[in-house]
Amino acid sequence: MANRAEYAIRLKQRGNNARERALHYLKNDLLSNEDNMLSMKQVIWNNNDIKLIIDSTETASVKNFKALNREPIDYGDYIVWDDRYWIVNSRDYDDEVYVRGQMTQCNYKLKWQNESLDIIERWAVFAIVTRYNEGVFKGRQIDDIQSTISVLLPGDDETIKLKRNKRFLADIYTEEPYAWEITQRDVLSNNYSGGRGLITLALSQDLFNDATDNKELMIADYKESVQENEIEGSGYLVVGRNRIYRSTSPCIWSITDGNDYVKIVSSSDSEIVLVAENKSDIGKTVVLSNGTTEKHLTIKSLY
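Note that residues are indexed from 1 along each chain, following the sequence as it is written. At least 70 in pLDDT is required for a residue's local features to be given in this predicted model, at least 80 for side-chain atom pairs to be given and counted, and no such filter applies to totals for whole chains, interfaces and linings, which use all residues. Just so you know, side-chain values use all the structure's heavy atoms and leave hydrogens and water out.

**Quick word on the overall build of the protein**
In this description a helix means any DSSP run of H or I spanning at least four residues, a strand means any run of E spanning at least two, and both kinds are numbered starting from the N terminus. Broken down by element type, the protein carries 2 helices and 20 strands. The buried share of the protein, taken over its 303 residues, is 36%. For every residue, the accessible area obtained with a 1.4 Å probe (protein chains only) is divided by the maximum for its type, and the residue is called buried under 20%, exposed over 50%, and partly exposed between those limits.

Structure below.
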């Protein structure tokens, strides 16, 4: 009886029933032979080194994969294999034995600025959808053949904000790069994982704008970011007149030099109002600080 009880305990260590034990043995068998599999590749996923079985399809830029260790690879994840970026565009959630799916090779790194003017970069899959000969008239006619491009991107906090009319530069010839504009966005068709998933953009060819597009950075509608905590306002305080000064970020104001010459009329974490009241202080200098930047203010007369 003791031997039968010990045998039952050993069985349950591998599963509570025949199905669970079969799964256990299958997983162990696959993992024990993974180093002998010709398709087993070392890759990087979410900054982690893992192993994937990678199999070819009829299209060289599309591969099927299996993760024997059941890493939770999902739609929109990047896989870096042989120094190339691939994006997971399919994933089977029946993953009791292993995680399997499909990935497509990225062919362009798209760049843009977000609302904070930070430069954002994402590897993407670009594909021509249609070609047609009609130009788009925006002040002048485009004579080149017009193209519509499909762009596949991972869904994340930055890409989800990309909306219609957002412009990009995308070209391998950067002296006269093509500009593109979002005409459609699809955030629903490939979203199976609670908000991450994939985003598909439709881009139509647009005119390159020398005045606003930066071809060195390959960013359309480029804007110089404002230095943090810059103090905006005149460098002069006119006796008897209120002057408003603003900080580009919330701050604590202080007058580090010349606080006897001026009066603080009002202040908040982003704005301060100063006034110089005495003509005897004309020519003196006041130093206004927002904690990180100082601004020198000279007191002068109205005339």
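Moving on from the coordinates now.
**Re the nonpolar core**
Joining through side-chain atoms within 4.5 Å is the link that ties buried Ala, Val, Leu, Ile, Met, Phe, Trp, Tyr and Cys residues into a set, and such a set is a nonpolar core. Counting 21 residues, the largest nonpolar core has F126, V151, F168, L201 and L203 as its most contacted members. Broken down by secondary-structure element, the contributors of at least two residues to this core are β7 (108–113), β8 (119–132), β9 (146–154), β10 (167–169), β11 (179–186) and β12 (198–206). In terms of nonpolar packing, the next biggest core, distinct from the first, is built from 15 residues, V239, C251, V262 and I272 among them.

**Considerations on the sheet that holds strand β18 (residues 271–276)**
The strand order β13-β15-β18-β17 describes an open sheet built from 4 strands, whose pairing is antiparallel. With one partner strand each, in any of the chains shown, β13 (231–232) and β17 (262–267) form the two edges of the open sheet. Between any two strands, at least two bridges found by DSSP are needed for them to pair. Sheet topology note: the strand β15 (residues 243–247)/β18 ladder contains 4 bridges and is antiparallel. Residue pairing across strands places R243 opposite L274, the latter belonging to β18.

**A short note on the pattern of salt bridges**
Salt bridges are identified by distance alone: a Lys or Arg side-chain nitrogen within 4 Å of an Asp or Glu carboxyl oxygen. Counted according to the given criterion, the structure contains 12 salt bridges. Note that K66 and D55 form a salt bridge whose closest N and O atoms lie 3.9 Å from each other. With a gap of 11 residues between them, K66 in strand β3 (residues 62–67) and D55 in strand β2 (residues 48–56) connect regions that are remote in the sequence. Overall, the relative accessible area of 25% leaves K66 in the partly exposed class. Note that E121 and K111 form a salt bridge whose closest N and O atoms lie 3.9 Å from each other. Remark: K111 occurs in strand β7 and E121 occurs in strand β8; sequence separation between them is 10 residues. Exposure remark for E121: the relative accessible area of 37% places this residue in the partly exposed category. Salt bridges here are not isolated pairs; linked through shared partners, they connect R167, D206, D213 and D221.

**Examining the pairing of β12**
With 8 of 9 residues buried, β12 lies mostly within the body of the structure. Relative to β12, β11 runs antiparallel, the two sharing 7 bridges. If you follow W180 over to β12, its bridge partner there is Q205.

**A word on the side chain of D171**
Within the element layout of this structure, D171 appears in the loop between β10 and β11. One polar contact links the side chain of D171 to the main-chain amide nitrogen of Y173, over a distance of 3.0 Å. There is a polar contact of 3.0 Å between the side chain of D171 and the backbone nitrogen of Y178. Polar contact criterion, stated in full: a pair of N or O atoms within 3.5 Å, where within protein one must be able to donate a hydrogen and the other to accept it, and residues adjacent in sequence count only if both atoms are side-chain atoms.

**Observations regarding the pairing of strand β19 (residues 285–289)**
Burial runs high along β19: 4 of the 5 residues are buried. As judged from the 3 bridges shared by strand β16 (residues 254–257) and β19, these two strands associate in the antiparallel manner. In the strand pairing of β19, S254 is matched with S289. Hairpin connection from β19 to strand β20 (residues 294–300): 4 residues lie between these consecutive antiparallel strands, with G291 at a positive phi of about 105°.

**Remarks on the confidence of the model for the protein**
Scored from 0 to 100, pLDDT reflects the predictor's confidence in each residue. Predicted confidence across the protein gives a mean pLDDT of 84, with 79% of residues reaching 70 or more. Residue contacts are counted whenever heavy atoms from the two residues lie within 4.5 Å of one another. Across residues 132–144, confidence stays below pLDDT 50; counting only partners more than four residues off in sequence or on other chains, it has 19 contacts.

**Points about the side chain of Q113**
Its place among the elements puts Q113 in strand β7. For Q113, the side chain forms a polar contact with the main-chain oxygen of K223, separated by 2.7 Å. Apart from the residues within four sequence positions on either side, Q113 is in contact with D118, I119, K166, I219, D221, Y222 and K223.

**Quick word on the packing of aromatic side chains**
When two rings of Phe, Tyr or Trp (its six-membered ring) have centres within 6.5 Å they constitute a pair, described as stacked for plane angles under 30 degrees, edge-to-face for angles over 60, and tilted for the intermediate range. Following the criterion strictly, the structure yields 7 aromatic pairs and no others. Look at Y85 and W123: their rings are 5.4 Å apart centre to centre, the planes differ by 15°, and that puts the pair in the stacked class. Placement of the pair is Y85 in strand β5 (residues 84–92) and W123 in strand β8, with a sequence separation of 38 residues. For Y85, a relative accessible area of 31% translates into the label partly exposed. Here the aromatic residues Y78, Y85 and W123 are joined through ring pairs into a cluster of three or more.

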